[in-house]
Amino acid sequence: MKTTVEISDNLYRRAKAEAALRGRKLKDLVEEGLRRVLEVPREMHRNKSLAALMKGARGAVDSGVPDLASNPEHLEGFGRDARRHR
């Protein structure tokens, strides 16, 4: 099937150069990228909260002091808008 896709000039140049370095056509590189994205389960694409990401690390050090990270309420929004506060 033939289709038209609009991408930025910079991304096009980078993709075209990468395809050339690999000795492939740009359309092959695009198709490979689409296949890779579509093969990954949707759950992998969701952004996880910091509390969910840190769940396995909680309790790694037992200092006897309750860990604030065990309460997701304390981590709500942590790390978001970091650029704004520089």
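Residues numbered from 1 in each chain as written. Predicted model: local features only at pLDDT ≥ 70, side-chain atom pairs only at ≥ 80, totals over all residues. Heavy atoms only, no water.

*Asks:* How would you explain the overall build of the protein chain if you had to name every residue and give the values?
*Replies:* Within the protein chain, the regular secondary structure consists of four helices and zero strands. In the protein chain, buried positions account for 9% of the 86 residues. Roughly 8,600 Å² of accessible area belongs to the protein chain as shown, and the carbon and sulfur atoms make up 53% of that amount. (Helix = DSSP H or I, 4+ residues; strand = E, 2+ residues; numbered from the N terminus. Buried < 20%, exposed > 50% of the residue type's maximum accessible area, 1.4 Å probe, protein only. Areas by Shrake-Rupley, 256 points an atom, 1.4 Å probe, with all protein chains shown as cover.)

*Asks:* Can you tell me about the layout of surface pockets, naming the residues and giving the values?
*Replies:* A volume near 510 Å³ is recorded for the largest pocket. Every residue lining the largest pocket is counted, 14 residues in all, and those nearest its centre are Thr3, Val5, Leu26, Lys27 and Val30. Elements with a minimum of two residues in the lining of the largest pocket: α1 (9-21) and α2 (26-39). By residue number, the principal contributor to the lining of the largest pocket is α2, which donates six residues. (1 Å grid on protein atoms, 1.4 Å probe; cavity = no way out; pocket = protein on both sides within 12 Å on 5 of 7 lines; lining within 4 Å. Points joined across faces, edges and corners; volume = space filled by probe spheres on them.)

*Asks:* Kindly report on a nonpolar patch on the surface, identifying the contributing residues and their values.
*Replies:* On the surface, Val5, Ile7, Leu11 and Tyr12 cluster together into a nonpolar patch covering about 370 Å² of accessible area. Relative to the assigned elements, Leu11 resides in helix α1. The class of Leu11 is partly exposed, set by a relative accessible area of 43%. (Patch = residues over 30% accessible without salt bridge, like charges linked within 9 Å, V, L, I, M, F, W, Y side chains within 5 Å. Salt bridge = Lys/Arg side-chain N within 4 Å of Asp/Glu carboxyl O.)

*Asks:* Requested: an account of α2, with residues and values cited.
*Replies:* In this model α2 runs 20 Å from its N-terminal to its C-terminal C-alpha over 14 residues, within 8% of the 20 Å that 1.5 Å per residue would give. Listing the buried residues of α2 in full gives Leu26, Leu29 and Glu32. Along the axis of α2, the buried positions cluster into a sector of 125°, meaning they face one direction only. What points out from α2, more than 90 degrees from its buried face, is the exposed set Lys27, Leu34, Leu38 and Glu39. Those residues of α2 that are buried are in contact with α1. (Expected span 1.5 Å × (residues − 1). Arc of directions from axis to C-beta. Contact = heavy atoms within 4.5 Å.)

*Asks:* Describe the pattern of salt bridges, and please don't skip the residues or the numbers.
*Replies:* Under the counting rule described, the total for this entry stands at five salt bridges. The partner of Arg22 in a salt bridge is Glu18, and the shortest N-O contact between them spans 2.8 Å. Under the relative-accessibility criterion, Arg22 is labelled partly exposed at 44%. Between Arg24 and Glu32 there is a salt bridge, with the nearest N and O atoms lying 2.5 Å from each other. A network of salt bridges, in which partner residues are shared, links Glu18, Arg22, Arg24, Glu32 and Arg36.

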